[in-house]
Structure formats: C-alpha cells, structure tokens
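Descriptive analysis of the structure
Here is how the chains run, residue by residue.
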Amino acid sequence: MEDTVIDDIDLDLIAALQTAPRASFDVLARVLDSSARTVARRYARLVDAGAMRVICEIEWSLMAEGLPATVWIGTEPGRAPEVAQALAARADTPFVSLASGAADVFCMLHGATRADTTRALTTELPAVPGIRTLRTEWILRRLTSTAAWRLPRLTSGQIAALTGQNAGPAAAHPRDTPLSGLERDTVAVLRNDARTPFSTLARTLGITESRARRTVAALLESGLLRPRVEVDPRDIGYAVEAVLSIGCRPGAVKRLTASLADHPATRFLALTAAASVFTYGGVFRDEEHLADFLTGGFEGSEEVTSLECSLQLEVLKRYWTARP
C-alpha cells in the first residue's frame, strides 16, 4: 500500500467485510449508517490502492496433498533478505517473512504432493544459497484460520445484522468428495475476488445466475471456501506480528486450543508434530500488548511448558501471493 491513509470509516468497512465478506454495498451501508455510494467508493479506493482484498481461503485439501509444514530458517549473516526472496518466488510457499528470534526467515511450505513437500524440505531448501539451518514442524491440524480474525469495532447489533448475510455456517469438517468441474471453475474465479457478483460468475462460467448462487452456497456451507479480508495488520493499527511455538502437557491441549482460538489477537492456530504442540500466529498493537500476552495474557497460560517467540519483521508473501 502506498500513500493510502486508512481512517476510521475505512476500518469500520474492513470490520464489516470481515464479518460478511460478500454482503452487498446496500447492506454494508445500512449497517454502517452510510450510503451505498460512499461504501462502494471507499471499497474501490482500498482495493485499487492494494490496501485490501477480499479473497477466498481454500481448504488445504483442494490446494495440495497432505498438510503443510512450518519452516524456521537460520541464514548466513546478511543473507536473510536474499533467502526470503528466493522462498517467496517458490510456488509451494503460502507464507514467507523475515523474522527475528527463533529464525531469520519463517515460511510455510505446502507441496502439490507429499513427495513434493518432502523433496523440498530435504533437498531443495537446504540447497538455497545462504541457508545455514532448517527446523521443520509438520502441521497435523488447523485449529483456526485467518478468516476468523476480526477487528473489534462493530457493535453486537451490527455483527448480528451482518452475520445473517453469510451463506450459512461452515461445516466443522469439510467434505472429502472431489469437486465437480463446475465447482473447480467457481473456486478459480472466487479465489482472488470473493465478491464477484453472481451475474458475473454466471456469465464467466456459462451458467444461469440461479445455478451460480446454488454452487457458491454449497461451497461456502461445505467449508471448502472461506471468504476473508486480506489486509496487512500494520495498515490497520497492529504494528507487531508474531509466530509462537507453544508447548504444553497433553492433558491441557483441548483447554488451550479453546482459549487460544478465541483470543482476539489470534490469526492462526495449528496443532503440530513437534516438541511444541501449537504453532500460533497473532497480531498485537505494540510490544507492550505482545508482552502482556506472553506473560499470562490468555486463559490456561499456566499450562504452558515452553514458549518460543519469533517477530515477523517483514512479510514478503501472504496466502500464496507475493507482496510488493
């Protein structure tokens, strides 16, 4: 984002879209006590400036085989930016950042097949110039997703009004049956613009608008697609982004899962096959906010047996898309 100031009106719009990403401008205007023209103009301004996108987060099983791995990378002195750029250029990295603390570079890696992921971790990444060490933690289960994170700006009444605009509650466990050809084509259109009108989708796919509506509703309700607002946390008042490895005793996993998933700072939480039970991604307004979290700022923190924190200094790639 360049030369674009995000004000309170923009923040309210972003918060509303986080709750109902596909709501019409008329509905958004009514909830935000504005006009549809103003809301549409604000939306277009944010999108055109690259400050915000409304995308569809796709269930991992549709993106690649198996589950992704998080990779903590130590680099030769001064070569972290070079390594991060090389990783961001790969087709199998959904997320890449320059970091401090546990690693110089942090990334997620998800190959098209399990064999591709294994080969990347054991052969290809170690051969990247500048990399000295790799620590891999396989993700076993995603416990929450970025699509669930919300800016705390709306009233309960506004949230209730917008929640009714969603296609329906996502399934707890997305279906495992293959997509039809029409569903695959629909996913391809909505992936980069979740707000594509049904009329446009119908014309693009050569189907009726009513069929487009039914297809989208089925994908959303199945949990295979999760519309979400993609925005840099720093642009909306969260200056500190961190990835944590959190360990606890086995009996505390369920309690901590519920506590961390519901915490307002949480953007991502996963169960990992490592000494650290959780990989946690969170956003914080400043260092004091992060310090409060690390020193017992969540329910069940007394159950934590280990905690390793890595600050994200610069994010080069988010959700498969390289950032400018």
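As a convention, each chain's residues are numbered from 1 in the sequence order in which they are written. Side-chain atom pairs in this predicted model are given and counted only at pLDDT of 80 or more, local residue features only at pLDDT of at least 70, and totals for whole chains, interfaces and linings cover all residues. Hydrogens and waters are ignored; side-chain quantities use all the structure's heavy atoms.

Things to note about the state of the cysteines
- Here, two cysteine sulfur atoms that lie within 2.5 Å of each other are counted as a disulfide. Enumeration over the complete set of coordinates arrives at zero disulfides.
- Cys309 provides the cysteine sulfur closest to Cys248, a residue in no disulfide bond, and the two sulfurs are 17 Å apart.
- The class for Cys248 is buried, based on a relative accessible area of 10%. With a 1.4 Å probe rolled over the protein chains alone, any residue whose accessible area is under 20% of its type maximum counts as buried; one over 50% counts as exposed, and the rest are partly exposed.

Concerning empty space enclosed by the protein
- Using only the protein atoms, space was sampled on a 1 Å grid; points where a 1.4 Å probe fits but cannot get out form cavities, open sets with protein on both sides within 12 Å along at least five of seven lines form pockets, and lining residues are those with an atom within 4 Å of a point. Grid points are joined across faces, edges and corners, and a volume is the space filled by probe spheres set on the points. Considering all chains together, one arrives at two cavities of 30 Å³ or more under this definition.
- Here the largest cavity defines a volume of roughly 430 Å³.
- Comment: elements are numbered from the N terminus, with helices defined as DSSP H or I runs of at least four residues and strands as E runs of at least two. Mapped onto the lining of the largest cavity, the elements with two or more residues apiece are strand E4 (105-109), strand E6 (225-230), strand E7 (240-248), strand E8 (266-273), strand E9 (278-284) and strand E10 (304-318).
- Top element by residues in the lining of the largest cavity is E9. It accounts for four residues.
- Each residue is assigned to one of three groups, with Ala, Val, Leu, Ile, Met, Phe, Trp, Tyr, Cys and Pro labelled nonpolar, Asp, Glu, Lys and Arg labelled charged, and all others, Gly among them, labelled polar. Here the lining of the largest cavity is built from residues that sort into twelve nonpolar, seven polar and seven charged.
- Taken as a whole, the second largest cavity spans an internal volume of roughly 40 Å³.
- As for the second largest cavity, its lining consists of Gln18, Thr146, Ala147, Trp149, Arg150, Pro227, Arg228 and Val229.
- Among the elements that take part in the lining of the second largest cavity, E6 stands out by supplying three residues, more than any other.

Brief notes about the side chain of Thr146
- As for its position among the elements, Thr146 is in the loop between strand E5 (131-144) and helix H7 (156-163).
- Using a relative accessible area of 15% as the deciding quantity, one classes Thr146 as buried.
- The residues contacting Thr146, other than those within four sequence positions of it, are Glu57, Arg228 and Arg267. Note on definitions: a residue-residue contact is assigned when non-hydrogen atoms from the two residues lie within 4.5 Å.

Regarding the pairing of E10
- Where strand E3 (residues 95-100) and E10 come together, five bridges link them in antiparallel fashion. Bridge assignment links Ala99 to a residue of E10, and that residue is Gln312.
- In this sheet, E10 lies alongside E7 in antiparallel orientation, the contact comprising seven bridges. Following the sheet pairing, Ser245 is matched in E10 by Glu308.
- A pair of strands is considered paired only if DSSP assigns at least 2 bridges between the two. Sheet analysis places E10 next to strand E11 (residues 321-322), joined by two bridges and oriented antiparallel. Bridge pairing in E11 places Lys317 opposite Ala322.
- Between E10 and E11, which follow one another and run antiparallel, lie two residues, and Tyr319 among them has a positive phi close to 45 degrees.

Focus on the side chain of Glu230
- Considering the arrangement of structural elements, one finds Glu230 in strand E6.
- Here a polar contact is recorded for every N or O atom pair within 3.5 Å, except that within protein the pair must consist of a potential hydrogen donor and a potential acceptor, and residues adjacent in sequence are included only if both atoms are side-chain atoms. A polar side-chain atom of Glu230 sits 2.3 Å from a polar atom in the side chain of Arg228.
- Each residue touching Glu230, except ones within four places of it in the same chain, is listed here: Ala51, Met52, Arg53, Ile55, Arg318 and Tyr319.

Points about the packing of aromatic side chains
- Ring pairs are drawn from Phe, Tyr and Trp, using the six-membered ring of Trp, whenever the two centres fall within 6.5 Å, and their geometry is named by plane angle: stacked under 30 degrees, edge-to-face over 60, tilted for the rest. Scanning the entire structure with this criterion turns up seven aromatic pairs.
- Judged by centre distance (6.0 Å) and plane angle (65 degrees), the ring pair of Phe95 and Phe106 falls under edge-to-face. Here the residue Phe95 occupies a position in strand E3, and Phe106 occupies one in strand E4, the gap between them amounting to eleven residues. By the burial criterion, Phe95 is buried, and Phe106 matches it.
- In textbook terms, an aromatic cluster arises when at least three aromatic residues are bridged by ring pairs, as seen for Tyr280, Phe284, Phe293 and Phe298.
- Consider the ring centre and the ring normal. A charge sits over the ring if Lys NZ or Arg CZ is within 6 Å of that centre and within 35 degrees of that normal. Above the face of the Trp60 ring, Arg142 is positioned so that its terminal group lies 4.2 Å from the ring centre.
- The cationic tip of Arg195 hangs over the ring face of Tyr43; the distance from NZ or CZ to the ring centre is 5.1 Å.

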